[in-house]
Amino acid sequence: QYILGIETSCDETAAAIVKNGREIVANVVASQIESHKRFGGVVPEIASRHHVEQLTIVFEEAMKQAELSFEDISAIAVTEGPGLVGALLTGINAAKALAFSHSIPLVGVHHIAGHIYANRLIKELEFPLLALVVSGGHTELVYMKEHGNFKVIGETLDDAAGEAYDKVARTIGLPYPGGPHIDRLAHEGQATIDLPRAWLSEGSFDFSFSGLKSAVINTLHNAKQKGIELDPKDVAASFQASVVDVLVTKTTQAVEKYKVKQLLLAGGVAANKGLRAALEKEFSQKDEVELIIPPLSLCTDNAAMIAAAGSILFDKGMRSDLALNANPGLELNSSY
Ligand code: ATP
Ligand code: MG
Ligand code: FE
């Protein structure tokens, strides 16, 4: 079985081909970061236009790398949401055109299901499992009792982790996207600044990062008024220490409570070195639970993860028709 995956939910135009849900045959990603950088964030109109320009190139490159023809493709999996509506539509329309013209089944995939299934490209999944999803738009703990079954047991009440990273980065004058820059600086600095950790109510697996973000901004502002120069490296290290502390502590509690066999890390912030190291430290000694962390290229947006999730949905008999539409606010708990 070969699944062609297409992903255009944000600022990466991606196409990939995955064999039997687990093996990457081709994985092509065209990033638009350079075009959005000067605006300090993703501009939806520009994103859509780039997708239209890049889609054919990216898709043809994937087919070429895989040395496959359309007769070999079992299904086309495309991100239907969540994401930017115009960006999503470019990928969906391309997928529909290909599915229709070559009579290939079409499967709409949830972007976050994709991020989670990136892990299956590394290791076979064992249930029940927990996934810590940390990306530009999401921060959540997802419980899975079987394939294609997602239960969100906790989520951010305000900013996503990646969003907080990008906003704090902008405050200390770092380019977009700021996550990797903060990560790098954090390793050169010391976590000497006392910043808050939002534990929320006892036993809650929800998250909140907007207070932390404001605390960083206030700390910088107050220091400046007193004529004190704070080292951005120490600010980055202190901020990262707070984020990682909350993420790892809550995840550890959830793993204990739900007695899962595996813990998966997913989403762009999964590329964070501090988070990866802290999770490895916490879980490498524990025999009961297996920690899976994908390589960096499968943490940030890509289409191999969409094909991997699409493979499971396809096997379950799920099909989308040509009425498939972009769903910018698609919930993970819904129809999967
Ligand atoms: P979503 O998946 O929620 O729709 P998205 O697709 O835009 O959002 P991703 O592409 O999964 O998000 O992740 C991008 C985010 O990851 C950005 O906020 C970026 O700053 C962050 N990020 C990438 N690398 C790192 C890192 N090393 N440390 C922290 N954050 C990082
Ligand atoms: Mg992105
Ligand atoms: Fe993403």
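Counting restarts for each chain: residues are numbered from 1 in the order of the written sequence. In the order they appear in the text, chains get letters beginning with A and ligands get numbers beginning with 1. Only residues with pLDDT of 70 or above have their local features reported here, since the model is predicted, and side-chain atom pairs are shown and tallied only from 80 upward, although totals for entire chains, interfaces and linings are computed over all residues.

The name an unreviewed UniProt entry gives the protein chain is tRNA N6-adenosine threonylcarbamoyltransferase, with Metabacillus halosaccharovorans as the organism. On record in UniProt, under Sequence similarities (unreviewed entry), the comment for the protein chain is "Belongs to the KAE1 / TsaD family." UniProt positions are given in the numbering used here, feature names are shortened, and annotations may be inferred rather than shown by experiment. Taken directly from UniProt, the Subcellular location (unreviewed entry) text for the protein chain runs: "Cytoplasm".

**A short note on the site of ligand 1**
Should the C-beta atom of a residue, placed from the backbone, lie within 6 Å of a molecule or strand, that residue is near it. Among the 24 residues in the neighbourhood of ligand 1, the closest are listed as Gly136, Gly137, Gly162, Gly179 and Gly268. Put simply, DSSP H or I for four residues or longer makes a helix, DSSP E for two residues or longer makes a strand, and each gets a number counted from the N terminus. Of all the secondary structure elements, the ones that give two or more residues to the shell around ligand 1 are α4 (111–117), α5 (161–171) and α6 (179–186). All residues other than Ala, Val, Leu, Ile, Met, Phe, Trp, Tyr, Cys, Pro, Asp, Glu, Lys and Arg, Gly among them, are scored as polar; the first ten of these are nonpolar and the last four charged. For the shell around ligand 1, the per-class residue count stands at six nonpolar, 15 polar and three charged.

**Brief notes about the UniProt feature "domain: Gcp-like" (unreviewed entry) in the protein chain**
Mapped onto this structure's residue numbering, the UniProt feature "domain: Gcp-like" (unreviewed entry) falls at residues 23–307. Helix makes up 47% of residues 23–307 and strand makes up 17%, while its end C-alpha atoms are separated by 10 Å.

**Details of the UniProt feature "binding site: Fe cation" (unreviewed entry) in the protein chain**
Annotation from UniProt places "binding site: Fe cation" (unreviewed entry) at His111, His115 and Asp301. Spatial clustering of the annotated residues is evident: they stretch over 191 residues in sequence, but the largest pairwise C-alpha distance comes to 8.9 Å. With respect to the secondary-structure elements, histidine 115 resides in helix α4. In this description, any two residues whose backbone-derived C-beta atoms lie within 7 Å of each other are considered to be in contact. What histidine 115 contacts, discounting residues up to four positions off in sequence, is Val133, Ser135, Ala266, Gly267 and Met305. The exposure class of aspartate 301 is buried, given the 27 C-beta atoms found within 10 Å. Excluding anything up to four places from it in sequence, aspartate 301 contacts Glu7, Cys10, Glu12 and Ala14. For the exposure call, what matters is how many other C-beta atoms sit within 10 Å of a residue's own: 20 or more marks it buried, 12 or fewer exposed, and in between partly exposed, using C-beta atoms placed from the backbone.

**What about the confidence of the model for the protein chain?**
Averaged over all residues, the pLDDT of the protein chain is 95; the fraction at 70 or higher stands at 99%. Here the complex is predicted with pTM 0.95, and the ipTM for its interfaces comes to 0.97. The score called pLDDT rates the predictor's confidence residue by residue, from a low of 0 to a high of 100.

**Let's talk about the environment of isoleucine 76**
Note that isoleucine 76 resides in strand β4 (residues 73–81). Residues contacting isoleucine 76, with those up to four places away along its chain left out, are Leu4, Ile6, Ala95, Leu98, Ala99, Ile104 and Leu106.

**Digging into the environment of valine 134**
Residue placement: valine 134 occurs in strand β6 (residues 129–134). The class for valine 134 is buried, based on 30 C-beta atoms found within 10 Å. Sequence separation between valine 134 and isoleucine 112 is 22 residues, and the spatial gap between their C-alpha atoms is 9.7 Å. Excluding residues that lie within four positions of it along the chain, valine 134 makes contacts with Thr139, Ala161, Gly162, Leu247, Gly267, Val269 and Ala270.

**Quick look at the sheet that holds strand β10 (residues 290–292)**
With mixed pairing, five strands are arranged side by side in an open sheet as β8-β7-β6-β9-β10. Strands with a single pairing partner mark the edges of an open sheet, and in this sheet they are β8 (151–155) and β10. Pairwise comparison of adjacent strand axes, ignoring direction, gives a mean angle of 20° for this sheet. Judged from the five bridges that link them, β6 and strand β9 (residues 262–266) form a sheet pairing that is parallel. Residue leucine 130 lies in a different strand from β9, and its bridge partner there is leucine 263. Axis lines are fitted to C-alpha atoms, over the contacting stretch for helices. Their N-to-C directions set the angle, which ranges from 0 to 180 degrees. Those strands touched by helix α8 (residues 232–258) are β6, β7 (139–144), β8 and β9, and its axis lies near 160° from that of β6. Strand pairing is defined by DSSP finding a minimum of two bridges between the two strands.

**Focus on the nonpolar core**
Across soluble globular proteins, you tend to see nonpolar side chains buried next to one another. Note on terminology: a nonpolar core is a set of buried residues of type Ala, Val, Leu, Ile, Met, Phe, Trp, Tyr or Cys, with members joined through C-beta atoms within 7 Å. Counting residues in hydrophobic clusters, the biggest one holds 103 residues, and the most contacted among them are Ala16 and Ala307. Element by element, the count of residues in this core is highest for α8, at 10 residues. The contacts of alanine 307, once residues within four sequence positions are left out, are Ile3, Leu4, Gly5, Ala16, Ile17, Val18 and Ala77.

**Topic: the environment of leucine 230**
With respect to the element layout, leucine 230 can be found in the loop between α7 (210–225) and α8. Judged by local crowding, leucine 230 falls into the partly exposed class, with 17 C-beta atoms found within 10 Å. Note: C-alpha distance between leucine 230 and leucine 220 (10 residues apart in sequence) is 7.2 Å. The residues contacting leucine 230, other than those within four sequence positions of it, are Leu220, Ala223 and Val235.

**Structural notes on the packing of α6 against α8**
The N-to-C vectors of α6 and α8 enclose an angle of 105°; their axes lie 7 Å apart at closest approach. Overall, the two elements α6 and α8 adopt an arrangement that is roughly perpendicular. Counted together, Ile182, Asp183, Leu185 and Ala186 of α6 and Pro232, Lys233, Ala236, Ala237, Phe239 and Gln240 of α8 form the full contact between these two elements. When the residues that make up the contact of α6 with α8 are grouped by side-chain class, the tally is seven nonpolar, one polar and two charged. Here roughly perpendicular refers to angles of 65 to 115 degrees, roughly parallel to angles under 35, roughly antiparallel to angles over 145, and oblique to all remaining angles.

**Some remarks on helix α3 (residues 85–102)**
Relative to the 26 Å expected for 18 residues at 1.5 Å per residue, α3 spans 26 Å between its end C-alpha atoms, a close match to the ideal helical length. What α3 keeps buried is the set Ala87, Leu88, Thr90, Gly91, Ile92, Ala94, Ala95 and Ala99. Looking one or two places after α3, you find serine 103, whose phi comes out positive at around 50°. The span expected for a helix works out to 1.5 Å for each residue beyond the first.

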